[in-house]
Amino acid sequence: MFMNRLITSSKTLRGSTPKFGGNSRKELNLNQNFGGISINSQWNKSNLIVLNRNYHERVIDHYEKPRNVGSFDRNAKNVGTGTVGAPACGDVMKIQIKYNEETGKIEDAKFKTFGCGSAIASSSLATEWVKGKTLDEACAITNNEIASYLSLPPVKKHCSMLAEDGIKAAVHELKTKLDRIKAEETMSQAEKAVQ
């Protein structure tokens, strides 16, 4: 979750300007390590400027400009929702798909994620990839494909696994919902035929 806190280059951080001691340039270099990912940053008066992040530009792009954030009506008959989480890291991901029965394809997708930048990027990418696919094609998307495309470090691979699980959970819920609706319609038609 450090990315949420560190990507604030244009925002003033809370609190007062740090004490610089004898540093005449009024800059303080910070070198920190978060779970195997090194962050080199520079404190310049009251702004934190991130100079070097060991994340691929695609992760940063999807984190800073996430696609398809939001949600659909969970009770809509053509919406499937998959909510998954990783207790070890605290990431929680909700992926929703909107299915078009006429075309047999996913016409839209949304997500909401509480977690680190890699989890947000994985969710954002997953919602982009499922659009226009059949349910089976969406289920064929693997965490390895997501991790490879985003160049996730091994310590963040669980984020792509959550995205894969979220897609599969959303498809499973949608299929269950559609099967239930078809069964109810069949029963209703049978009851009408008996009358």
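See above for the structure.
Since the model is a prediction, treat every value here as computed from it, not as a measurement. Numbering of residues begins from 1 in every chain and follows the order in which that chain's sequence is written. Confidence filtering applies because this is a predicted model: local features only for residues at pLDDT of at least 70, side-chain atom pairs given and counted only at 80 or more, and all residues used for totals across whole chains, interfaces and linings. No hydrogens and no water enter the side-chain calculation; it runs on all heavy atoms of the structure.

1. Brief notes about the packing of aromatic side chains
Operational definition: Each Phe, Tyr or Trp ring (for Trp, its six-membered ring) is paired with any other whose centre lies within 6.5 Å, and the angle between the two planes then decides the class: stacked below 30 degrees, edge-to-face above 60, tilted in between. Two conditions define a charge located above a ring, namely a distance within 6 Å from the ring centre to NZ of Lys or CZ of Arg, and an angle within 35 degrees of the ring normal.
With the rule as written, the count across this model stands at one aromatic pair. One cation-aromatic arrangement involves Arg58 over Tyr149; the distance from NZ or CZ to the ring centre is 4.2 Å.

2. Examining the pattern of salt bridges
For the record, the criterion: A carboxyl oxygen of Asp or Glu within 4 Å of a side-chain nitrogen of Lys or Arg is what we treat as a salt bridge. Secondary structure elements are taken from DSSP: a helix is a run of H or I of four residues or more, a strand is a run of E of two residues or more, and numbering for both begins at the N terminus. Only protein chains enter the area calculation, which uses a 1.4 Å probe; residues under 20% of their type maximum are buried, those over 50% are exposed, and those in between are partly exposed.
In total, this model carries eight salt bridges according to the counting rule given. Note that Glu164 and Lys168 form a salt bridge whose closest N and O atoms lie 2.7 Å from each other. Of the two residues, Glu164 and Lys168 are both situated in helix 6 (residues 157–194); the distance of four residues between them amounts to about one turn of the helix. Judged by relative accessible area, Lys168 falls into the partly exposed class, the value being 35%.

3. Here's the deal with the sheet that holds strand 5 (residues 91–100)
This is how it is decided: For two strands to be treated as a pair, DSSP must find at least two bridges joining them. Helix axes are fitted to C-alpha atoms over the stretch in contact, other axes to C-alpha atoms as well, and angles between N-to-C directions run from 0 to 180 degrees. Residue contacts are defined here by distance: any two heavy atoms, one from each residue, within 4.5 Å place the two residues in contact.
Ordered in space as 4-5-6, the three strands form an open sheet in which the pairing is antiparallel. Both outer strands of the open sheet, strand 4 (79–86) and strand 6 (105–114), are each paired with one neighbouring strand and no more. Strand after strand, the sheet turns through a mean of 15 degrees between neighbouring axes, direction not considered. Across nine bridges, strand 5 lies against strand 6 in antiparallel orientation. Looking at strand 6, one finds that Met93 is bridged to Thr113. The strands touched by helix 3 (residues 117–130) within the sheet are strand 5 and strand 6, with strand 6 carrying the most contacts at an inclination of about 170 degrees.

4. Quick word on the packing of helix 3 against helix 6
Cut-off, in case you're wondering: By definition, turning the near helix anticlockwise from the far helix through less than a right angle yields a left-handed crossing, and turning it clockwise yields a right-handed one. Residue polarity is assigned by list, with Asp, Glu, Lys and Arg as charged and Ala, Val, Leu, Ile, Met, Phe, Trp, Tyr, Cys and Pro as nonpolar; anything else, Gly included, falls into the polar class.
Packing of helix 3 against helix 6 leaves a shortest axis separation of 8 Å and a crossing angle of 40 degrees. The handedness of the crossing between helix 3 and helix 6 is right-handed. Of the residues in helix 6, those touching helix 3 at Ser118, Ala119, Ser122, Ala126 and Val130 are Cys159, Ser160, Ala163 and Ile167. The class makeup of the residues in the contact of helix 3 with helix 6 is six nonpolar, three polar and no charged.

5. Re unusual backbone geometry
Positive phi values are uncommon outside glycine, yet Asn68 reaches one of about 65 degrees. Judged by relative accessible area, Asn68 falls into the buried class, the value being 14%. Its identity is not glycine, yet Ser151 carries a phi of approximately 55 degrees, on the positive side. Mapping Ser151 onto the fold places it in the loop between helix 5 (143–150) and helix 6. Ser151 gets classed as partly exposed once you look at its relative accessible area, which sits at 37%.

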